[in-house]
Amino acid sequence: DSGVTQTPKHLITATGQRVTLRCSPRSGDLSVYWYQQSLDQGLQFLIQYYNGEERAKGNILERFSAQQFPDLHSELNLSSLELGDSALYFCASSPPSYNEQFFGPGTRLTVL
Amino acid sequence: AQSVSQHNHHVILSEAASLELGCNYSYGGTVNLFWYVQYPGQHLQLLLKYFSGDPLVKGIKGFEAEFIKSKFSFNLRKPSVQWSDTAEYFCAVNPPGAGSYQLTFGKGTKLSVIP
């Protein structure tokens, strides 16, 4: 158990819908990262927040957005879902020293 | 494009065999390097990391990796694998100048260890 929690574990939805994935970082970690893992693209960095502010953006689609709240939990919002958005979405957190990321168990999203 | 390459998609070994998984990256400059493992049904766990210093890095569970700057490589090794090492292994790089500690991952190598 890494100390990073993600909910829900599984999500099944239809094309065109919108979903929200939630992540709670380890106690004391200020940074939250979101990654997408799919069969064809592998593990790809989406976005990072540090203490409530966006720090870095990767290959995140415009239909996707994220935020980090004052209690440091983060949410990833995926809208206008397409079949290709089906993937495992991981959240990771890191301490202020930044030298290691701790990954959550992931949310498996299936878009039908 | 700048990337991280893992040479083997799937490796099958018998218990007690030696393991070497290749990882090459294409970034110039100073990089931070990592190997993560994902056991079936579990989250990614850090095996080892290299930031600077001794290029031979020892990690958990008997794994080690060697950073060879001239070859842009960071290969993972274990002298004698066990059935419990069956998992997927990911090499990752924190690219220089990224502005954060985001990770760029290789595609992963599935290791199957036969008892």
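Our subject in this report is the structure included herewith. Fair warning: this is a prediction, and the values are worked out from it, not measured in the lab.

Let us now look at the overall build of chain B. The secondary structure content of chain B amounts to 0 helices and 12 strands. Listing every helix and strand of chain B by position from the N terminus yields β-β-β-β-β-β-β-β-β-β-β-β. Rg of the C-alpha trace for chain B: 14 Å, near the compact-globule value of 13 Å for 115 residues, within the 12% margin. Looking at chain B residue by residue over its 115 residues, the buried ones come to 49%. When contacts within chain B are restricted to residue pairs at least 6 apart in sequence, long-range pairs at least 24 apart make up 54% of them. A total accessible area of about 5,400 Å² is found for chain B, and carbon and sulfur atoms account for 53% of it.

Our focus in this paragraph is the interface of chain A and chain B. When the parts of a complex come together, some accessible area is lost, and that lost area is often taken as the interface size. With 21 residues of chain A at the interface, the matching set in chain B holds 16 residues. Overall, the association of chain A and chain B removes approximately 1,600 Å² of surface from exposure, summing both partners, and the carbon and sulfur fraction of that is 57%. It is Leu43(A), Asn99(A) and Phe103(A) that lose the most area in chain A upon contact with chain B, and together they represent 32% of the buried surface on that side. Linking chain A with chain B are 1 salt bridge, by the criterion used here. Remark: the boundary between chain A and chain B carries 3 residue pairs in polar contact (both at pLDDT 80 or more).

What follows covers the sheet that holds strand E7 (residues 64–68) of chain A. Residues and elements named next belong to chain A. Overall, antiparallel pairing links the 4 strands, which are arranged E1-E3-E8-E7 in an open sheet. Only two strands of the sheet have a single neighbouring strand rather than two, namely strand E1 (5–7) and E7. Put simply, the sheet's adjacent strands are angled 15 degrees from each other on average, direction ignored. Both E7 and strand E8 (residues 74–78) contribute to a ladder of 5 bridges, which runs antiparallel.

Residues and elements named next belong to chain A. Applying the stated criterion across every chain, the model contains 2 disulfides over all chains. A disulfide bridge connects Cys-23 with Cys-91, and the sulfur atoms are separated by 1.8 Å. Across the S-S bond linking Cys-23 and Cys-91, the dihedral sits near -45 degrees, which makes this disulfide left-handed. Of this pair, Cys-23 sits in strand E3 (residues 19–24) while Cys-91 is found in strand E9 (residues 87–94), placing the two residues 68 residues apart along the sequence.

Moving on to the nonpolar core. Membership of the largest hydrophobic core comes to 29 residues, with the highest contact counts inside it found for Trp35(B), Leu48(B), Phe74(B), Leu76(B) and Tyr89(B). At 4 residues, the largest contribution of residues to this core is made by strand E10 (residues 87–94) of chain B.

Residue and element names in this part refer to chain B. On inspection of all chains with the given rule, the structure shows 16 aromatic pairs over all chains. Judged by centre distance (5.7 Å) and plane angle (80 degrees), the rings of Phe-34 and Phe-51 are edge-to-face. With Phe-34 in strand E5 (residues 32–38) and Phe-51 in the loop between strand E6 (44–50) and strand E7 (56–58), this residue pair connects regions lying 17 residues apart in the sequence. Seen in terms of ring centroids, Tyr-50 and Phe-74 are 6.5 Å apart; in terms of plane orientation they differ by 45 degrees. Their pairing is tilted. With a gap of 24 residues between them, Tyr-50 in strand E6 and Phe-74 in strand E9 (residues 73–78) connect regions that are remote in the sequence.

In this section: the pairing of strand E2 (residues 10–14) of chain B. All names here are of chain B. Of the two faces of E2, only one is covered, namely that formed by Val-11 and Leu-13; the face formed by His-10, Ile-12 and Ser-14 stays uncovered. Bridge count between E2 and strand E12 (residues 109–114): 5 bridges; the pairing is parallel. If you follow Ser-14 over to E12, its bridge partner there is Ile-114.

Conventions we followed
Residues numbered from 1 in each chain as written. Chains lettered and ligands numbered in written order. Predicted model: local features only at pLDDT ≥ 70, side-chain atom pairs only at ≥ 80, totals over all residues. Heavy atoms only, no water. Helix = DSSP H or I, 4+ residues; strand = E, 2+ residues; numbered from the N terminus. Rg over C-alpha atoms; globule rule 2.2 N^0.38 Å. Buried < 20%, exposed > 50% of the residue type's maximum accessible area, 1.4 Å probe, protein only. Contact = heavy atoms within 4.5 Å. Areas by Shrake-Rupley, 256 points an atom, 1.4 Å probe, with all protein chains shown as cover. Buried area = accessible area lost by both parts, 1.4 Å probe. Salt bridge = Lys/Arg side-chain N within 4 Å of Asp/Glu carboxyl O. Polar contact = N/O pair within 3.5 Å; in protein donor to acceptor, adjacent residues only side chain to side chain. Pairing = 2+ DSSP bridges. Axes fitted to C-alpha atoms, helices over the stretch in contact; angles between N-to-C directions. Disulfide = S-S within 2.5 Å. Core = buried A, V, L, I, M, F, W, Y, C linked by side-chain atoms within 4.5 Å. Phe/Tyr/Trp six-rings, centres within 6.5 Å; stacked < 30°, edge-to-face > 60°.

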